[in-house]
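Working through the structure, step by step
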Amino acid sequence: MSGSPRNAPPELPSVTVRAPAKVNLLLQVGPRRDDGFHDLVTVFQAVSLHEEVTVTPAEEFTVTVEGVGGTDVRGVPLDDSNLAVRAARLLAERAGVTEAVHLHVRKEVPVAGGMAGGSADAAAALVACDALWRLRSGLDALAELGAELGSDVPFGLHGRTAVGTGRGEHLAPVLTNASFAWVFVLGEEGLSTPTVFAECDRQRASGYEPRPGRLEAVETALRSGDADALGAALSNDLQDAAFALAPGLAATIAVGRRAGALAGIVSGSGPTVALLAPSAPAARRLALDLAPVFGTERLRTATGPVPGARVLEAVSTPTPGGRS
Ligand code: C5P
């Protein structure tokens with residue numbers, strides 16, 4: 001800390017935070033509520049595809065976006081509707097911060113893919129700005145702010161494996177030592193989450209009976225670490241709606257199963273398909289075997305669970321003479 005007086009911490013020129021994508025191991029959708037959202041019972045698992053957000057002090061809130069590993073970022077807004085910008089602005093407003101930041105987002109998570117990439121950007125931006133501005137808000141306060149931005153943002157902050165209720169924003173951790181291996185097959189075009197929920201409502205107009213015992217089956221499989229049991233327990237109430245809007249997804253799952261996946265499921269509202277493999281080496285083999293069918297640019301391997309949004313790097317330059 002050379003050059004800084006004792007009680008003046010060095011200024012942080014930039015902070016980089018990494019936040020994970022998610023897959024829903026269970027997605028049980030209740031009826032549409034008066035506020036337009038649906039009550040969910042879901043099990044989130046954070047997986048090792050990450051977004052990285054770097055924040056740097058700036059005159060105004062601005063954002064740049066870069067695709068990593070071939071991620072197509074053309075659908076990402078670069079204006080104030082960008083979720084990372086909205087997160088930074090919201091935290092500044094609530095904390096009374098008058099400074100602005102430039103946000104650089106490195107995206108590894110498919111855009112509009114049902115893996116909560118935008119929510120991960122918001123989660124990462126909250127943690128990064130909290131560190132840059134030295135707010136020490138705490139995870140619970142950031143999660144409360146995050147829930148205003150999107151139902152999946154609190155999970156992006158917490159990570160690991162959790163049961164989500166309400167809109168998905170109320171979280172209870174599921175303790176598991178097991179690691180699971182996934183192959184993700186990216187859709188050729190994004191699906192809009194509200195459209196998929198609306199299609200689910202339409203399909204259910206004539207009634208819906210939830211199958212009992214699904215949450216317990218997922219929790220038991222997670223606790224035992226049994227990938228076969230987890231494969232049998234995976235379920236997603238949005239899947240039929242995603243199939244209706246993106247014909248071809250059912251065939252993608254069937255191809256994955258024939259190539260050796262234990263199970264395949266649409267991730268969240270899709271169109272990414274999540275294939276569960278027996279082990280990480282098996283996932284790599286499965287991705288190699290699927291490459292001639294889908295092309296390597298549409299395939300990703302990952303493991304879960306992984307932690308939520310974390311600071312990767314906080315660059316600080318000692319300020320000669322300190323700040324006043
Ligand atoms: O909260 P988030 O921005 O991710 O939600 C996007 C859209 O998905 C909502 O506007 C709503 O149409 C739908 N949604 C829902 N019920 C939820 C979560 C999302 O209907 N629990």
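As the structure is a prediction and not an experimental result, all values here were calculated from the model.

Re the layout of surface pockets
Of the volumes computed, that of the largest pocket is approximately 1,000 Å³. Every residue lining the largest pocket is counted, 45 residues in all, and those nearest its centre are S119, D152, T193, P194 and S269. Elements that contribute at least two residues to the lining of the largest pocket include exactly β1 (14-32), β2 (38-58), α1 (83-95), α2 (117-132) and α5 (193-203). Top contributing element to the lining of the largest pocket by residue count: α5, with five residues.

Remarks on the domain arrangement of the protein
Domain boundaries assigned for the protein yield domain 1 (14-174 + 307-315) and domain 2 (180-304). Relative to domain 2, the C-alpha centre of domain 1 lies at a distance of 22 Å. The interface is formed by 31 residues belonging to domain 1 together with 35 residues belonging to domain 2. Summing the contributions of domain 1 and of domain 2, the shared interface buries around 2,400 Å²; its carbon and sulfur component is 62%. Summed over the three residues of domain 1 that lose the most area to domain 2, namely L25, L27 and V29, the buried surface amounts to 23% of that side. Taken together, the connections running from domain 1 to domain 2 amount to zero salt bridges. Seen at the junction of domain 1 and domain 2, the total is 14 residue pairs in polar contact (both at pLDDT 80 or more). Secondary structure elements with two or more residues in the side of domain 1 that touches domain 2: β1, β2 and β5 (161-166). Taken together, the residues of the side of domain 1 that touches domain 2 break down into 16 nonpolar, 12 polar and three charged.

A word on the site of the ligand
The local shell around the ligand consists of G36, F37, H38, L40, G150, S151, R167, T193, P194 and F197. In the model, an oxygen atom of the ligand is placed 2.6 Å from a nitrogen or oxygen of the H38 side chain. Here S151 contributes a side-chain N or O atom positioned 2.6 Å from an oxygen atom of the ligand. Protein burial of the ligand: of its 440 Å² of free accessible surface, 74% is covered by the chains. For the ligand, the cavity whose grid points lie within 2 Å of the majority of its atoms is the largest pocket. Secondary-structure elements contributing two or more residues to the shell around the ligand are β2 and α5. Here the shell around the ligand takes three residues from α5, the largest share from any one element. In this structure, the shell around the ligand is formed jointly by two domains, domain 1 (14-174 + 307-315) and domain 2 (180-304), each of which donates at least three residues.

Focus on α5
Looking at α5, one finds that the buried residues are V196, F197, E199 and C200. Taken end-on, α5 shows its buried residues confined to a sector of 160°, consistent with a single buried face. Counted as exposed and oriented over 90 degrees from the buried face of α5: P194 and R202. Of the surrounding secondary structure, the elements contacted by the buried residues of α5 are β1, β2 and α8 (239-245).

Points about the packing of helix α9 (residues 249-258) against helix α10 (residues 280-294)
At a minimum axis separation of 10 Å, α9 and α10 run at an interaxial angle of 140°. Taken together, the axis directions place α9 and α10 in an arrangement best described as oblique. For the pair α9 and α10, the sense of crossing is right-handed. The residues of α10 that touch α9, namely those facing T252, V255 and G256, are L286, L290, V293 and F294. Within the contact of α9 with α10, the residues separate by chemical class into five nonpolar, two polar and no charged.

Considering unusual backbone geometry
With an omega dihedral of 5°, the bond running from G270 to P271 counts as a cis peptide bond. Within the element layout of this structure, P271 appears in the loop between β9 (263-266) and β10 (273-277). For the bond from G304 to P305, the omega torsion is 5°, close enough to zero to count as cis. Considering the arrangement of structural elements, one finds P305 in the loop between β11 (299-304) and β12 (310-315). Unlike most non-glycine residues, A112 shows phi in positive territory, near 50°. Tracing the sequence through the fold places A112 in the loop between β4 (100-107) and α2. Taking the relative accessible area as the measure of exposure, A112 reaches 44% and is therefore partly exposed. Notably, R160 is not glycine yet its phi reads approximately 60°, a positive angle. Mapped onto the elements, R160 comes out in the loop between α4 (153-158) and β5. Given a relative accessible area of 45%, R160 falls into the partly exposed group.

Cut-offs applied
Residues numbered from 1 in each chain as written. Predicted model: local features only at pLDDT ≥ 70, side-chain atom pairs only at ≥ 80, totals over all residues. Heavy atoms only, no water. 1 Å grid on protein atoms, 1.4 Å probe; cavity = no way out; pocket = protein on both sides within 12 Å on 5 of 7 lines; lining within 4 Å. Points joined across faces, edges and corners; volume = space filled by probe spheres on them. Helix = DSSP H or I, 4+ residues; strand = E, 2+ residues; numbered from the N terminus. Domains from an automatic or database assignment. Contact = heavy atoms within 4.5 Å. Buried area = accessible area lost by both parts, 1.4 Å probe. Salt bridge = Lys/Arg side-chain N within 4 Å of Asp/Glu carboxyl O. Polar contact = N/O pair within 3.5 Å; in protein donor to acceptor, adjacent residues only side chain to side chain. Nonpolar A, V, L, I, M, F, W, Y, C, P; charged D, E, K, R; others polar. Near = heavy atom within 4 Å. Areas by Shrake-Rupley, 256 points an atom, 1.4 Å probe, with all protein chains shown as cover. Sits in = over half its atoms within 2 Å of the grid points. Buried < 20%, exposed > 50% of the residue type's maximum accessible area, 1.4 Å probe, protein only. Arc of directions from axis to C-beta. Axes fitted to C-alpha atoms, helices over the stretch in contact; angles between N-to-C directions. Parallel < 35°, antiparallel > 145°, perpendicular 65-115°, else oblique. Left-handed = near helix turned anticlockwise from the far one by under 90°.

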